[in-house]
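Geometric and topological summary
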Amino acid sequence: MDTTFLESAREEILAEAWDGAAASSRYATAGGGEVGRRLEVLFDALVDAGRTNDVHAIVEYARTVARVRFAAGYGLGDVQVAVNALEEATWKCVLAQVPPEEAAEALRVVSTVLGLAKDALAQEYVRLACEARAPAVDVAALAGGAAAG
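Note that this is a predicted model, so its numbers are computed, not measured.

1. Examining the confidence of the model for the protein
- Averaged over the protein, the pLDDT score is 87; the fraction of residues at 70 or greater is 84%.
- When the elements of the protein are averaged for pLDDT, helix α8 (residues 139-148) gives the smallest value, 53, and helix α5 (residues 56-71) the largest, 96.

Below, the structure is given as structure tokens:
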């Protein structure tokens, strides 16, 4: 895909995405500079995937974000806020500025790339949550302890 439009609308898209992400309490407390940097990295990964038709880098980035944010105590919904905000901001820009005959392809690429990133993010979160689960409670031992007491 020709990513010239995305690259030229970078600041507008990032500003709109920041506004969307800032609505989340987690992002409001993270600090504007850090959230802005994270959105920039995600945007650059989107543009790169669109330009090269290769989603491996953005998928791996999403998995890395999942691991880091999971370890920091962020919920999956909190992290998806940023990806959703970037997707919505990009859609708005495309629909407002790209000729209709080109908009469908741009939206397809944006939705596909960010959809794969969200999927990888969610899968990694689920994997981490399953690994972090406490061992099952031995109900028989609990009942036996209560009866003995």
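2. Remarks on the pattern of salt bridges
- On inspection of all chains with the given rule, the structure shows 15 salt bridges.
- Note that Arg51 is salt-bridged to Asp48, the shortest N-O span being 3.3 Å. Residue Arg51 and its partner Asp48 are both found in helix α4 (residues 32-52); the two are separated by three residues, about one turn of the helix.
- For Arg51, a relative accessible area of 44% puts it in the partly exposed group.

3. What about empty space enclosed by the protein?
- Enumeration over the complete set of coordinates arrives at one cavity of 30 Å³ or more.
- The space that makes up the largest cavity amounts to roughly 140 Å³.
- Lining the largest cavity are twelve residues, with Leu42, Tyr61, Val65, Val79 and Val83 positioned closest to its centre.
- Contributing elements (two or more residues each) for the lining of the largest cavity: α4, α5, α6 (76-97) and α7 (100-132).
- Grouping the amino acids of the lining of the largest cavity by side-chain chemistry returns ten nonpolar, no polar and two charged.

4. Regarding the environment of Ala45
- On the secondary structure map, Ala45 appears in helix α4.
- Overall, the relative accessible area of 15% leaves Ala45 in the buried class.
- Ala45 sits twelve residues away from Ala57 along the chain, and the two C-alpha atoms are 7.0 Å apart.

5. Some details on the layout of surface pockets
- In this structure, the largest pocket encloses a volume near 180 Å³.
- Lining the largest pocket are Met1, Asp2, Thr3, Phe5, Leu6, Gln97, Val98, Pro99, Glu102, Glu105 and Ala106.
- The dominant element in the lining of the largest pocket, judged by the number of residues it contributes, is α7, at three residues.
- Of the residues assigned to the lining of the largest pocket, the class counts are six nonpolar, two polar and three charged.

6. Quick look at α6
- The end-to-end C-alpha distance of α6 is 32 Å, a good match for the 32 Å that 22 residues give at a rise of 1.5 Å each.
- Among all positions in α6, only Val79, Gln80, Ala82, Val83, Ala85, Leu86, Glu87, Ala89, Thr90, Cys93 and Val94 are buried.

7. So, the nonpolar core
- One finds Ile13, Ile58 and Leu86 to be the most contacted residues of the largest nonpolar core, which totals 41 residues.
- Contributions of two or more residues to this core are made by α1 (4-8), α2 (10-22), α4, α5, α6 and α7.
- Broken down by element, this core gets its largest block of residues, eleven residues, from α7.
- Other than its neighbours up to four places away in sequence, Ile13 contacts Leu6, Phe43, Leu86, Ala89, Thr90 and Cys93.

About the thresholds
- Residues numbered from 1 in each chain as written.
- Predicted model: local features only at pLDDT ≥ 70, side-chain atom pairs only at ≥ 80, totals over all residues.
- Heavy atoms only, no water.
- pLDDT = per-residue confidence, 0-100.
- Helix = DSSP H or I, 4+ residues; strand = E, 2+ residues; numbered from the N terminus.
- Salt bridge = Lys/Arg side-chain N within 4 Å of Asp/Glu carboxyl O.
- Buried < 20%, exposed > 50% of the residue type's maximum accessible area, 1.4 Å probe, protein only.
- 1 Å grid on protein atoms, 1.4 Å probe; cavity = no way out; pocket = protein on both sides within 12 Å on 5 of 7 lines; lining within 4 Å.
- Points joined across faces, edges and corners; volume = space filled by probe spheres on them.
- Nonpolar A, V, L, I, M, F, W, Y, C, P; charged D, E, K, R; others polar.
- Expected span 1.5 Å × (residues − 1).
- Core = buried A, V, L, I, M, F, W, Y, C linked by side-chain atoms within 4.5 Å.
- Contact = heavy atoms within 4.5 Å.

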